[in-house]
Amino acid sequence: MASTSASKKRKREAGDDAKASFVLSTQPKSQLGPVLAHFPSVKPSKSTAFSCYQTGDNAKTLGDTDDAEFADLPTLVAGETDSVDFHSANQTTGCRYLVGVHDKKTGITTIRPAPLHTLARDVKALKGLEPIAVSVLQRPEARAALGETFGTKKAKLAIKAQERNKVDVSAMETVVDHLQESIQKSTQALPSKEEAQATADSTRLVPPYNAEATVPSEVYPLHNIIPEAEWRTLSATPFLVVGQKQRTPLLPFQRSKWINQHLHSTCDSTSPSKTNIKILQYISFMMFFRKMAAQSNLGKVSLEEKLASMPSVVADGLLFRFTESARSSSKPQFTSQKETLLLTHMFALCLRVDDYATDTELIARDLSQSTQSINSLFKSMGCQITKLTLTDLKRLGLPDSAAETKRALLKVPLEFPKPRGKRRRG
């Protein structure tokens, strides 16, 4: 077999060496070109935009005609996300880097020098915090603590004797001033109630949301949950051309009563919504992904192999958004935080299909979770767990008997649950 496979390899032709050639870029030397970036700590996502600026007192606009090469100019690279700022810590000098672009049609590789920047990061939430200065009285206290822990017996006796000598009225007055000073400085560094609420909103394990939405459909935009590239791979046609018994086998996760009921009711209606069918198909992908990811954490299956049955664009997107990789391993890990994020993305789609009034008990049974835990996730998304009013029943076209079942309702303006304060002890 080895000889057979070796004979099938493409033999190198005699003229292959002549097909490859290298040329220098013909663009002006000072024109803005490629920049190499090194991220030693936090690596941003591929969607993060960066800009290049020229620094120095005699800086000129990038792209102007000049004798100096772009790679030799003092430049600054900067970009930002919602929570982190990235900027150049230093520009590497003493060596040169070249970037080549190969054209397969002509066989020509165009080479151009490129600068290398090492980028540092600053957390936005920590920019306003200042370290508390150490007072004069704190230094001997810290020195005494070190002596008590690591000092000799003689040193410890000396520390205790010194502490006994300090017990007088004047020392007590100094301690009071010191406490007041420390309390004032500590409270200045604490965030306000509004700042703490803003920080909590930015770190919620929910899909990207629009806090200024005026209708429920604008709170969680569809393509913030299902990217457009993945949306284009979904199709409603296979579910519309078959009967009920043939629809369920088309789904990757076939044991969800919530999906099956909505799929049959949508397809059998007089005007089926193709958008809802595609959303139900994607929810099935997410449930299947959650099941396989949980088994992969236990070492029972390989997650990448099990996801081969779904479109590669969808599988890659779910792996990228809802798994993590440890530093010492490239194997994707399905952590509890990523599972929560996956479920809230899934529930946002369920709300859209249910016209923003979802029966949580049925979903809890499909996911083998308690209704209380599922309700808490819906609440974290800004939903209210309550019974439907007569107006809601008429709007949703539900019978009067449905009023006895509590549902997750998403209303505007969007309000997230407030953090509970500690109860005072009596």
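The sections below set out a description of the structure shown in this document. (Residues numbered from 1 in each chain as written. Predicted model: local features only at pLDDT ≥ 70, side-chain atom pairs only at ≥ 80, totals over all residues. Heavy atoms only, no water.)

Description of the nonpolar core
With 62 residues, the main nonpolar core has Phe289 and Phe347 as its most contacted residues. At the level of elements, helix H10 (257–267), helix H11 (274–297), helix H13 (312–322), helix H14 (336–353), helix H15 (360–366), helix H16 (371–380) and strand S13 (406–410) are the ones that each hand at least two residues to this core. When residues in this core are grouped by element, the largest group, twelve residues, is from H11. Discounting residues that sit within four places of it in the chain, Phe347 has contacts with Ile363, Leu367, Ile374, Leu377, Phe378 and Met381. (Core = buried A, V, L, I, M, F, W, Y, C linked by side-chain atoms within 4.5 Å. Buried < 20%, exposed > 50% of the residue type's maximum accessible area, 1.4 Å probe, protein only. Helix = DSSP H or I, 4+ residues; strand = E, 2+ residues; numbered from the N terminus. Contact = heavy atoms within 4.5 Å.)

Regarding the pairing of strand S8 (residues 116–123)
Looking at chain direction, strand S2 (residues 36–38) and S8 are connected through three bridges and run parallel. Bridge pairing links Ala37 to His117 in S8. Looking at chain direction, strand S5 (residues 84–91) and S8 are connected through seven bridges and run antiparallel. The residue bridging Ser88 from the neighbouring strand is Leu119, located in S8. (Pairing = 2+ DSSP bridges.)

A few points about the pairing of strand S6 (residues 97–103)
Of the strand pairs in this sheet, S6 and strand S7 (residues 108–114) are connected by seven bridges, and their pairing is antiparallel. Among the inter-strand pairings, Val101 is bridged to a residue of S7, identified as Thr110. Where S6 folds back onto S7 in an antiparallel hairpin, the turn is made up of four residues, including Gly107, whose phi is positive at roughly 75°.

Thoughts on the packing of aromatic side chains
The tally for this structure, following the rule as stated, stands at six aromatic pairs. Arranged with centres 6.1 Å apart and planes meeting at 55°, the rings of Phe50 and Phe86 form a pair that is tilted. Placement of the pair is Phe50 in strand S3 (residues 50–54) and Phe86 in strand S5, with a sequence separation of 36 residues. Residue classification places Phe86 among the buried positions, given a relative accessible area of 4%. One aromatic cluster in this structure is built from Phe39, Phe50 and Phe86. (Phe/Tyr/Trp six-rings, centres within 6.5 Å; stacked < 30°, edge-to-face > 60°.)

Focus: the packing of helix H3 (residues 138–150) against helix H4 (residues 153–165)
Taken N-terminus to C-terminus, the directions of H3 and H4 make an angle of 140°; their axes are 8 Å apart at the nearest point. Along this stretch, H3 crosses H4, giving a crossing that reads as left-handed. For the pair H3 and H4, the contacting residues are Ala144, Gly147 and Glu148 in the first and Lys156, Ile159 and Lys160 in the second. Of the residues in the contact of H3 with H4, the class split is two nonpolar, one polar and three charged. (Axes fitted to C-alpha atoms, helices over the stretch in contact; angles between N-to-C directions. Left-handed = near helix turned anticlockwise from the far one by under 90°. Nonpolar A, V, L, I, M, F, W, Y, C, P; charged D, E, K, R; others polar.)

Quick look at the pattern of salt bridges
Following the criterion strictly, the structure yields eight salt bridges and no others. The shortest N-O distance in the salt bridge between Lys124 and Glu80 comes to 2.9 Å. With Lys124 in the loop between S8 and H3 and Glu80 in strand S4 (residues 75–80), this pair connects stretches of sequence that are 44 residues apart. Between Glu404 and Lys387 there is a salt bridge, with the nearest N and O atoms lying 3.8 Å from each other. Of the two residues, Glu404 sits in the loop between helix H17 (390–396) and S13 while Lys387 sits in strand S12 (residues 383–387), which places them 17 residues apart along the sequence. (Salt bridge = Lys/Arg side-chain N within 4 Å of Asp/Glu carboxyl O.)

Read these as spatial facts, not as claims about activity.
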